[in-house]
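So you can see what is in the structure, the chains are spelled out below.
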Amino acid sequence: MTIKLKDNERIDDLQRNGYQIIQNRDGFCFGMDAVLLSGFAKVKPGEKAVDLGTGTGIIPILLEAKNEGIHYTGLEIQEEVADMAARSVALNHLEDKITIVRGDIKEASRLFGAASFDVVTSNPPYMNDSHGLKNPDLPKAISRHEVLCTLEDVTREAARLLRPGGRFYLVHRPHRLIEIITALKCVGLEPKRMKMVHPFADKEANMVLVEAVRGGRSMIKVEAPVIVYKEPGVYTDEIYTIYGY
């Protein structure tokens, strides 16, 4: 099957299992946060996972490459972006393993049904109305700012989608960590693992990875941090391992 590219689209090599992904040069391309989340999340054999706000579909594609789950779903509200993700799934012949659904995160539990997944992942918009300037380009603004959904929407729907004992994996910004933990605990998701991400060893963290368990006991493990660069332009060995080089 021939996959047609639209204006300003390109195909990028994911350096994993021979997989590729379609991205729009003028749109919101996936970043390090999505790659790190795909390395932090675990999907066990026989489990089903859903990615809320999947964008180009990068997280389901990388999760399928790295894990032995039975099926992966990506939920995306923007029609053009969801179409791009679906074409990337077809490009990699993964239609039997990955489904892209166009829909609203706020309606996720109604779309899929309660307690229908073992794993939920999300790389949600980081900025609320009090943090940062809204991008004038709406697709990018939707990806980066809480235009169409809030942190509370994401955690609420993740809790509803998860089976008891199911796991929620999130990448976000450290300056919102108190909000994140509060939002998780309010819906019965107990933070169990946390890992800070630093661009360089001597720089403060600019991302945080969190795993929470539906109905889990109160105990969190703070893991060793991830350092992205050894020096400008040179990744650390851990990053190359996560990428799968």
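All chains use their own residue numbering, which begins from 1 and follows the written sequence. Given that this is a predicted model, residues contribute local features only at a pLDDT of at least 70 and side-chain atom pairs are listed and counted only at 80 or more, while totals for whole chains, interfaces and linings are drawn from all residues. Think of the side-chain values as coming from all heavy atoms in the structure, minus any hydrogens and water.

Draft legend 1. Representation of the packing of aromatic side chains within the structure. Two aromatic rings from Phe, Tyr or Trp, using only the six-membered ring of Trp, form a pair when their centres are within 6.5 Å; if the ring planes differ by under 30 degrees the pair is stacked, by over 60 it is edge-to-face, and anything between is tilted. One pass over the full model with this rule turns up five aromatic pairs. Between Phe40 and Tyr169 the ring centres are 5.9 Å apart and the planes differ by 90°, which places this aromatic pair in the edge-to-face class. One end of the pair, Phe40, is in helix H1 (residues 32–40); the other, Tyr169, is in strand S7 (residues 162–172), and 129 residues separate them in sequence. Residue Phe40 shares its accessibility class with Tyr169, and that shared class is buried. Both rings, one in Phe112 and one in Phe117, keep their centres 5.5 Å apart while their planes meet at 85°; by these two values the pair is edge-to-face. Members of the aromatic cluster, connected to one another through ring pairs, are Phe200, Tyr229, Tyr235 and Tyr240. The cationic tip of Arg193 hangs over the ring face of Phe40; the distance from NZ or CZ to the ring centre is 4.0 Å. Per the convention used, a helix needs a DSSP run of H or I reaching at least four residues, while a strand needs a run of E reaching at least two, with both numbered from the N terminus. Burial here depends on accessible area, computed with a 1.4 Å probe over protein chains only, as a share of the maximum for the residue type. Under 20% is buried, over 50% is exposed, and the range in between is partly exposed. Think of it as a cone above the ring: NZ of Lys or CZ of Arg counts as a charge over the ring if it is within 6 Å of the ring centre and within 35 degrees of the ring normal.

Draft legend 2. Quick look at the nonpolar core. Within the largest apolar cluster, 36 residues are counted, with the highest numbers of intra-cluster contacts made by Leu36 and Ile239. Sorting the residues of this core by element identifies H1, helix H2 (58–66), helix H3 (79–91), strand S5 (98–102), S7, strand S9 (207–214) and helix H8 (237–243) as the ones contributing at least two each. Look past the residues within four positions of Ile239 in its chain and what remains in contact with it is Met32, Leu36, Val226, Ile227 and Val228. Grouped together as the second largest cluster of nonpolar side chains are 25 residues, Val50, Leu75, Leu177 and Ala183 included. We call a set of buried residues a nonpolar core when its members are Ala, Val, Leu, Ile, Met, Phe, Trp, Tyr or Cys and they connect through side-chain atoms within 4.5 Å of each other. Here, two residues are considered to be in contact whenever any of their heavy atoms come within 4.5 Å of each other.

Draft legend 3. Summary view of the side chain of Ser122. Its location among the elements puts Ser122 in strand S6 (residues 117–122). For Ser122, a relative accessible area of 0% gives the class buried. Two N or O atoms form a polar contact when they lie within 3.5 Å of each other; inside protein one atom must be a possible hydrogen donor and the other a possible acceptor, and for residues adjacent in sequence the pair counts only when both atoms belong to side chains. Of note is the side chain of Ser122, whose polar atom sits 3.1 Å from the backbone oxygen of Leu52. Not counting residues up to four positions away in its chain, the partners in contact with Ser122 are Leu37, Asp51, Leu52, Val154, Phe168, Tyr169, Leu170 and Val171.

Draft legend 4. Highlighting the packing of helix H6 (residues 151–161) against helix H7 (residues 177–186). Where H6 meets H7, the closest approach of the two axes is 9 Å, and the angle between their N-to-C directions is 35°. Handedness of the crossing formed by H6 with H7: right-handed. Note on element contacts: H7 touches H6 through Glu179, Ile180, Ala183 and Leu184, opposite Leu151, Glu152 and Thr155. Each residue gets one of three labels, nonpolar for Ala, Val, Leu, Ile, Met, Phe, Trp, Tyr, Cys and Pro, charged for Asp, Glu, Lys and Arg, and polar for the others, Gly among them. By residue class, the composition of the contact of H6 with H7 is four nonpolar, one polar and two charged. All axes are obtained by fitting lines to C-alpha atoms, using only the stretch in contact for helices, and the reported angles, taken between N-to-C directions, cover 0 to 180 degrees. In a left-handed crossing the near helix is turned counterclockwise from the far helix by less than a right angle, and in a right-handed crossing that turn is clockwise.

Draft legend 5. Quick peek at the pairing of strand S2 (residues 20–24). Counted residue by residue, S2 has four buried out of five residues, so it is predominantly covered. DSSP calls a pair of strands paired once it identifies at least 2 bridges connecting them. The sheet contact formed by strand S1 (residues 9–13) and S2 spans five bridges and is antiparallel. In the strand pairing of S2, Asp13 is matched with Gln20. Two successive antiparallel strands, S1 and S2, enclose a turn made up of six residues, where Gln15 displays a positive phi of approximately 60°.

Draft legend 6. Summary view of the pattern of salt bridges. A pair is scored as a salt bridge if a Lys or Arg side-chain nitrogen falls within 4 Å of a carboxyl oxygen belonging to Asp or Glu. As enumerated under the stated definition, the model contains 18 salt bridges in all. In this structure, Lys97 engages Glu64 in a salt bridge whose closest nitrogen and oxygen atoms are separated by 3.3 Å. Placement of the pair is Lys97 in the loop between H3 and S5 and Glu64 in helix H2, with a sequence separation of 33 residues. The partly exposed category is assigned to Lys97, whose relative accessible area is 25%. For Glu64, a relative accessible area of 11% corresponds to the buried category. Its salt-bridge partner being Lys106, residue Asp104 comes within 3.3 Å of it at the nearest N-O pair. A residue is classified by how much of its surface remains accessible, and Lys106, at 32% relative accessible area, is partly exposed. Taken together, the shared-partner salt bridges in this structure form one network comprising Lys6, Glu9, Asp83 and Arg87.

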